[in-house]
Amino acid sequence: MGSHNIKIQYHSRVSPPSATQTSLSLTFFDLFWLRFHPVERIFFYTLPTPQSNPSIFYSKIVPKLKTSLSHTLQHFPPLAGNVVWPNDSPNPIVQYTPGNSVSFVVAESEADFNHVLDNSPHQASESRSLVPHLDSSDSHASIVSLQITLFPNRGFSIGISTHHSVLDGKSSTLFIQAWSSLCQTNDDESSESSSPSLAPKLVPFFNRSVIRTPSELGLNFPTNWTEALTKLFPTGNSDGRCLKLLPFPPRLEDEVRATFVLTGADLEKLRKGVLSKWDIVERGTESEAPRLSSFVLT
């Protein structure tokens, strides 16, 4: 599935209905990923044939996705903003200013949906056209971009690119879950100027004051981030304030991707294997065996 199999239908922007200016500092956890390439994910959804008919999809499904996305951004306004580095700030920040928005591309694919969903090895190039570009420059970097791709009469995908220093795996998943929740609860009569509430478990937490600084933890971390980032990313930007994401052309030629399914039995076998080695490695210590989540085992 090369780019010739994808047709861009339109490109729009989605913003929160009403949000005040917001800024968040980047912590020392975040700054190491400041110019790292975006984190890219693709979610696939099957639809009954009537709903995946192009005329119905564009008139019903896409508007619902856009409205619920706007409502979700009302709860996550920093994601509609940008990473910027004000002249008077020692560190870059995430800043949302009313009017900021998220890139929202709607496309259509000629690919065989069954083939796309199959777990067997695929050419690595096949998924690239389902992933949106994340904009960045010397002075700013977008945080989220989205692409909805219709596979006519079968289903659709949501491709999402996120800035790695702003969203980790848990927070990006929380955003997707919140969007999914509001999309399910949103009805056609809801006002675009009002934002439905989120379940408490889906409400984001933005208070950075709970994160202790390296100095408070007794760690010797750099305090001059422009100097540190210049060493990390020696790109000719003398003051280290460049925010352009580093080029990361994916390896597509002669490369394949595949999906591997781990069953509960597979995970239990891995768990027992790790714990048997743990006893050997930690022998003579009082260290307890760790709790091994499915994510860690994978």
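Our structure's up above, just so we're on the same page.
A brief look at the structure comes next. (Residues numbered from 1 in each chain as written. Predicted model: local features only at pLDDT ≥ 70, side-chain atom pairs only at ≥ 80, totals over all residues. Heavy atoms only, no water.)

1. Focus: the sheet that holds strand S10 (residues 155–162)
Logical step 1: The mixed open sheet is built from five strands, whose spatial order is S1-S6-S9-S10-S3. The sheet terminates laterally at strand S1 (6–14) and strand S3 (39–46), the two strands that pair on one side only. The sheet shows a mean angle of 20° between the axes of neighbouring strands, direction not considered.
Logical step 2: Sheet topology places strand S9 (residues 144–151) next to S10; eight bridges connect them, and they run antiparallel. Within the sheet, the bridge partner assigned to Ile 148 lies in S10 and is Ile 158.
Logical step 3: Sitting on the sheet, helix H5 (residues 169–185) touches S3, S9 and S10, and the angle it makes with S3 is about 30°. (Pairing = 2+ DSSP bridges. Helix = DSSP H or I, 4+ residues; strand = E, 2+ residues; numbered from the N terminus. Axes fitted to C-alpha atoms, helices over the stretch in contact; angles between N-to-C directions. Contact = heavy atoms within 4.5 Å.)

2. Examining the pattern of salt bridges
Logical step 1: Throughout the structure, instances matching the rule amount to three salt bridges.
Logical step 2: Where Arg 128 meets Glu 40, a salt bridge forms, and the shortest distance between an N and an O atom there is 2.9 Å. In this pair, Arg 128 sits in the loop between strand S7 (122–123) and strand S8 (140–142) while Glu 40 sits in strand S3, placing the two residues 88 residues apart along the sequence.
Logical step 3: Relative accessible area serves as the criterion here: at 35%, Glu 40 is assigned to the partly exposed category. (Salt bridge = Lys/Arg side-chain N within 4 Å of Asp/Glu carboxyl O. Buried < 20%, exposed > 50% of the residue type's maximum accessible area, 1.4 Å probe, protein only.)

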